[in-house]
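# Residue-level structure breakdown
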Amino acid sequence: MTRLTSALDNDSGAPGSIAPLPGDVEVAGAPSWRLATALMATIEVEELLHRFFHLLREQSPCDAFAYRHDPIGLRVRFGIVGRSHAEYHLKLGDQSLGYIGFSRRRRFVESDLELIERALGILLHPLRNALRFRDVRESARRDPLTGVFNRTAMDELLARQLAHSCREGGAVSLLILDIDNFKQINDRFGHGVGDDVLIALAEVLQSVCRGSDPVFRYAGDEFVVIMPEAEEAGVRCLAERLREAVQTHNFGLPGDALVEVSLGIASCRPGDTPESLLQRADRGLYRAKGAGRNRVEGE
Ligand SMILES: Nc1nc2c(ncn2[C@@H]2O[C@H](COP(=O)(O)OP(=O)(O)OP(=O)(O)O)[C@@H](O)[C@H]2O)c(=O)[nH]1
């Protein structure tokens, strides 16, 4: 663990290395085992950090706390930011476990930072385990070929979004996209080239969709995009943008062969289930194929 800054009243301090802690130190009167036991009782990163912050704050060395791990896009914040700051890079061996920052209205003094650093020493191993668990769970929700979310993740999100829309009355829309004549691409150029097309297609879809509209690989050459809060006009607009983006993308196929897609769209109606919503989008896709492909259709 490395102290990056100990900015007292916003003055930057010199970086320094923190020695590992003995296992049995006291955290400002609270035995370290209390913190260690609380952290051992969960494997979820967010819950772990929440417990860490609350136990630390009982000893009042900080008012706010921010954790970030950019490679996995994880950010967690608690409390109200003050004007005195201290930031640490958390490392176990060569492995980075992210950055953690503390802030406080009152000025941090060296004994506060020592207390924080002892507590961080106790956090390191549980945090490493929680990050590993998160990684395993995330990879079970990803399609191994394209890296986008898989059908399991789609089923979970769609059920959650529909339940939310039932409760709160908000909109949910989705689209299903299928490559036109993909079998011919495989037959003409080989299965490996077909795989490359699927990978590149997933990248095009993700680059057009905002982070809030996740992309899923639904089946072989079919992808789904879920649009929380979007009405039919919104999903139609996104579907058209995706169709155009794919058509104009250079997939690097021999003879500059084009890749085109057909799309079916559907928006949530009262009483919809995930299955009924998907079926409507699928019927739209079927109509798009029947009407000549490279187009968007709803029901
Ligand atoms: N390369 C590759 N091909 C796949 C994969 N999964 C499914 N496919 C192929 O995708 C093709 C799907 O074809 P279909 O969607 O049935 O038909 P299509 O040729 O795309 O024609 P339309 O959908 O009617 O336009 C089949 O040839 C499958 O073998 C994969 O992971 N990699």
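Because the structure is a prediction, the values reported are computed rather than measured. (Residues numbered from 1 in each chain as written. Predicted model: local features only at pLDDT ≥ 70, side-chain atom pairs only at ≥ 80, totals over all residues.)

## Some thoughts on the overall build of the chain
In terms of regular secondary structure, the chain is built from 8 helices and 13 strands. Burial statistics for the chain: of 299 residues in total, 32% are counted as buried. Considering only residue pairs separated by 6 or more positions, the chain has 64% of its internal contacts joining residues 24 or more positions apart. (Helix = DSSP H or I, 4+ residues; strand = E, 2+ residues; numbered from the N terminus. Buried ≥ 20, exposed ≤ 12 C-beta atoms within 10 Å, placed from the backbone. Contact = placed C-beta atoms within 7 Å.)

## Comments concerning the site of the ligand
Looking at the ligand, there are 16 residues lining it, with Asp180, Phe182, Lys183, Gly194 and Gly220 nearest. When contributions to the shell around the ligand are tallied by element, the ones reaching two or more residues are strand 9 (172-179), helix 5 (182-189) and helix 6 (191-208). At 4 residues, helix 6 tops the list of elements feeding residues into the shell around the ligand. Residues that form the shell around the ligand fall into these classes: 4 nonpolar, 5 polar and 7 charged. (Near = placed C-beta within 6 Å. Nonpolar A, V, L, I, M, F, W, Y, C, P; charged D, E, K, R; others polar.)

## What to know about the sheet that holds strand 12 (residues 261-267)
Taken together, the 5 strands give an open sheet; going across it, the order is 10-11-9-12-13, and neighbouring strands pair in mixed fashion. Every other strand in the sheet has two partners, leaving strand 10 (215-219) and strand 13 (296-297) as the edge strands with one partner each. The sheet contact formed by strand 9 and strand 11 (residues 222-228) spans 7 bridges and is antiparallel. Following the sheet pairing, Leu174 is matched in strand 11 by Ile226. Set on the sheet, helix 6 makes contact with strand 9, strand 10 and strand 11; between it and strand 10 the angle comes to about 140°. (Pairing = 2+ DSSP bridges. Axes fitted to C-alpha atoms, helices over the stretch in contact; angles between N-to-C directions.)

## Some words on the packing of helix 5 against helix 6
In contact at an axis separation of 6 Å, helix 5 and helix 6 are set at 135° when each is read in the N-to-C sense. Here helix 6 runs oblique to helix 5, going by the angle between their axes. Taken together, the residues of helix 6 that come into contact with helix 5 (itself represented by Phe182, Ile185, Asn186 and Phe189) are His191, Val193, Gly194 and Val197. Residues that form the contact of helix 5 with helix 6 fall into these classes: 5 nonpolar, 3 polar and no charged. (Parallel < 35°, antiparallel > 145°, perpendicular 65-115°, else oblique.)

## Comments concerning the pairing of strand 6 (residues 74-79)
Two strands pair when backbone bridges link them, and strand 5 (residues 64-69) and strand 6 are joined in this way by 6 bridges, in the antiparallel orientation. Its bridge partner being in strand 6, Tyr67 is matched across the sheet by Val76. The loop that links strand 5 with its antiparallel partner strand 6 comprises 4 residues; one of these, Gly73, has a positive phi angle of about 65°.

## Describing unusual backbone geometry
You will see that Asn181, though not glycine, has its phi angle at about 50°, which is positive. With respect to the helices, strands and loops of the structure, Asn181 is situated in the loop between strand 9 and helix 5. Non-glycine residue Arg293 carries a positive phi angle of around 75°. Checked against the element boundaries, Arg293 lands in the loop between helix 8 (274-290) and strand 13.

## Structural notes on the UniProt feature "domain: GGDEF" (unreviewed entry) in the chain
The residues that UniProt annotates with the feature "domain: GGDEF" (unreviewed entry) are residues 170-299. The span residues 170-299 is 46% helix and 22% strand, and its two end C-alpha atoms sit 20 Å from each other. (UniProt positions renumbered as here; feature names shortened; annotations may be inferred.)

## Regarding the environment of Ala36
Locating Ala36 in the fold gives a position in helix 1 (residues 32-40). For Ala36, a count of 17 C-beta atoms within 10 Å puts it in the partly exposed group. Spatially, the C-alpha atoms of Ala36 and Leu123 are 7.6 Å apart, while their sequence positions differ by 87 residues.

## What about the environment of Val193?
Tracing the chain through its elements places Val193 in helix 6. A tally of 16 C-beta atoms within 10 Å means that Val193 is categorised as partly exposed.

## A closer look at helix 4 (residues 151-168)
Taking 1.5 Å of rise per residue, the 18 residues of helix 4 would be expected to cover 26 Å, and the 25 Å separating its terminal C-alpha atoms lies within 8% of that figure. Every buried residue of helix 4 is accounted for by Met154, Leu157, Leu158 and Gln161. Around the axis of helix 4, the buried residues are gathered within 100° of arc, so they sit on the same side. Pointing more than 90 degrees away from the buried face of helix 4 are the exposed residues Ala159, Ala163 and Arg167. Considering only its buried residues, helix 4 is in contact with strand 9, strand 10, strand 11 and helix 8. Gly169 occupies a position one or two residues after helix 4 and carries a positive phi of about 80°. (Expected span 1.5 Å × (residues − 1). Arc of directions from axis to C-beta.)

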